[in-house]
Amino acid sequence: MKILVTGGAGFIGGNFVHYMVNKYPEDTIINLDLLTYAGNLETLKPVEDKPNYRFVKGDIADRKFIFELFEKERPDVVINFAAESHVDRSISDPESFVRTNVLGTTTLMDAAREFKVKRYHQVSTDEVYGDLPLDRPDLFFTEETPLHTSSPYSSSKAAADLFVLAYHRTYGLPVTISRCSNNYGPYHFPEKLIPLIISRALANEELPVYGKGENIRDWLHVKDHCSAIDLIVRKGRVGEVYNVGGHNERTNLEVVKTILKVLDKPESLIRFVTDRPGHDMRYAIDPTKIENELGWKPEYNFDTGIVQTIEWYLNNREWWEHILSGEYTKYFEEMYADRLDS
Ligand SMILES: NC(=O)c1ccc[n+]([C@@H]2O[C@H](COP(=O)([O-])OP(=O)(O)OC[C@H]3O[C@@H](n4cnc5c(N)ncnc54)[C@H](O)[C@@H]3O)[C@@H](O)[C@H]2O)c1
């Protein structure tokens, strides 16, 4: 099988490329990525010489390029991870999110129709369901929960999901969608909460936490997300949405304190900063459908997974230090400089 993975130089896509290249040596994995600020080819170093792996640089929203690529490569399966993915960036520049997340998705699906791919899989997010109140721990997102987005990011992902389902109904494109909770693990870009806290705590720098740190996220190890997508693509029913989550709900403050404890750093590093506008309170996935229908089960729980993840960042300092020494530093200043003063 020839599998086109888009966004494979990013966090989850990169982990997925590792997973697939190693698990299926008989398949060919083509990694298509534009290498935006979030794309990092150093993530692919461990697989770049494997005979079943290839990298192609390009934009999923560039129609001419995408059609030429499909004509040349004729992929059997397309798995779309490529996205603008950071909520804070979507608040300052929504248009780039519409372009990549919506137009990029329809462009890929138009090519998938034309060249008759056997499966188009869209990697979506639980953020399309909006948020849940903190005082209702009994509520969870199911696949039937109405879409109710909060940020330009989640709105662009929800719009893409609606196009994916419409392409199935209108054109018969064989699609599946996965909606996953927050991921953590190796190769996570250091603007996101967990790697941000690890890298700054190691440098004894202040740790910015939005609001009072009460927001709850449902954390899933990235390898469990990879195994879920692999299963959905191979065994999931066409036209269906599958929620992916592992019942690992933690407040942001709990996550930060856990990291400080493992690193033996003081809680006095924590600095509460002005909350993000429209900040979602709680996400919590009900994964019953994927568990019952496809037999998926996560391997990691948060308490052990976070310790392994911290160890990975300690053992792979070069990977994230290369990022910190680049454009990221400027970005960090822009996003947090004024908030740290509040
Ligand atoms: N990170 C999470 O916790 C999480 C949870 C659920 C779902 N998701 C979804 O999973 C997917 C991957 O997320 P991530 O955290 O790995 O994102 P990421 O930002 O780390 O990676 C995105 C990748 O897409 C590439 N890209 C961006 N625009 C592109 C374009 N126009 N053409 C080709 N490539 C482009 C970037 O270079 C980067 O390598 C996204 O669709 C996201 O919505 C993420």
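Now for a look at the structure at hand.

1. Side note on the overall build of the protein chain
The secondary structure content of the protein chain amounts to 12 helices and 12 strands. Radius of gyration (C-alpha) of the protein chain: 19 Å, near the 20 Å computed for a compact globule of 342 residues. Structurally, the protein chain occupies a C-alpha span of about 55 × 45 × 35 Å along its principal axes. Out of the 342 residues belonging to the protein chain, those deemed buried represent 58%. Summing over all exposed atoms, the protein chain offers an accessible surface of approximately 14,500 Å²; the carbon and sulfur share of this is 50%. Once the 40 positive and 53 negative side-chain charges of the protein chain are each reduced to a mean point, those two points are 4 Å apart.

2. Some remarks on the site of the ligand
Residues in contact with the ligand amount to 28 residues; listed here are only the nearest, I12, D33, S85, Y153 and K157. Contact between the ligand and I60: a nitrogen atom at 3.0 Å from a main-chain N or O atom of the residue. Here V123 contributes a backbone N or O atom positioned 3.5 Å from an oxygen atom of the ligand. Look at the ligand: alone it shows 840 Å² of surface, and the protein chains cover 96% of it. Mapped onto the shell around the ligand, the elements with two or more residues apiece are α1 (11–23), β5 (119–125), α5 (152–171) and β7 (182–184).

3. As for the sheet that holds β5
An order of β3-β2-β1-β4-β5-β6-β10 is seen for the seven strands of this open sheet, with the pairing classed as parallel. The sheet is open, and its two edges are formed by β3 (53–57) and β10 (240–244), each paired on a single side. Looking at each pair of strands side by side, their axes are set apart by 20 degrees on average, direction ignored. With six bridges joining them, β5 and strand β6 (residues 175–180) adopt parallel strand pairing. Within β6, the position partnered with S124 by the bridge is R179. Along the sheet, helix α4 (residues 94–114) makes contact with β1 (2–6), β4 (77–80) and β5, crossing β5 at roughly 165 degrees. Against the sheet, helix α7 (residues 222–235) engages β1, β4, β5, β6 and β10, with an angle of about 145 degrees to β5.

4. Some details on the side chain of D110
Among the secondary structure elements, D110 is positioned in helix α4. When neighbours within four sequence positions are excluded, D110 is seen to be in contact with R63, F67 and Y167.

5. Description of the pairing of strand β8 (residues 207–210)
Each regular strand shows side chains that alternate between the opposite faces of the sheet. Here β8 shows no split at all, with L207 and V209 on one side and P208 and Y210 on the other all buried. Here β8 runs beside strand β12 (residues 270–273); their pairing, made up of four bridges, is parallel. Counted as the bridge partner of P208 is R271 from β12.

6. Topic: the sheet that holds strand β11 (residues 249–251)
Pairing is mixed in the open sheet, where three strands are placed in the order β7-β9-β11. Edge positions in the sheet fall to β7 and β11, since each has one partner strand and no second. Averaged over all pairs of adjacent strands, the angle between their axes in this sheet comes to 50 degrees, without regard to strand direction. As judged from the three bridges shared by β7 and strand β9 (residues 216–221), these two strands associate in the parallel manner. Among the inter-strand pairings, Y184 is bridged to a residue of β9, identified as H221. Packing of helix α8 (residues 252–263) onto the sheet brings it into contact with β9 and β11, and relative to β11 it is tilted by some 85 degrees. Contacting β7, β9 and β11, helix α10 (residues 302–315) runs over the sheet at an angle of about 50 degrees to β7.

7. A few points about the environment of D62
Topologically, D62 is positioned in the loop between β3 and α2 (63–73). Distance from D62 to W312, taken between C-alpha atoms, is 36 Å for residues 250 residues apart in sequence. Side-chain polar atoms of D62 contact the backbone nitrogen of F65, separated by 3.2 Å.

What counts and what doesn't
Residues numbered from 1 in each chain as written. Predicted model: local features only at pLDDT ≥ 70, side-chain atom pairs only at ≥ 80, totals over all residues. Heavy atoms only, no water. Helix = DSSP H or I, 4+ residues; strand = E, 2+ residues; numbered from the N terminus. Rg over C-alpha atoms; globule rule 2.2 N^0.38 Å. Buried < 20%, exposed > 50% of the residue type's maximum accessible area, 1.4 Å probe, protein only. Areas by Shrake-Rupley, 256 points an atom, 1.4 Å probe, with all protein chains shown as cover. Lys, Arg positive; Asp, Glu negative; His and termini not counted. Charge placed at Lys NZ, Arg CZ, Asp CG, Glu CD. Near = heavy atom within 4 Å. Polar contact = N/O pair within 3.5 Å; in protein donor to acceptor, adjacent residues only side chain to side chain. Pairing = 2+ DSSP bridges. Axes fitted to C-alpha atoms, helices over the stretch in contact; angles between N-to-C directions. Contact = heavy atoms within 4.5 Å.

Any functional reading would require information beyond the geometric quantities listed.
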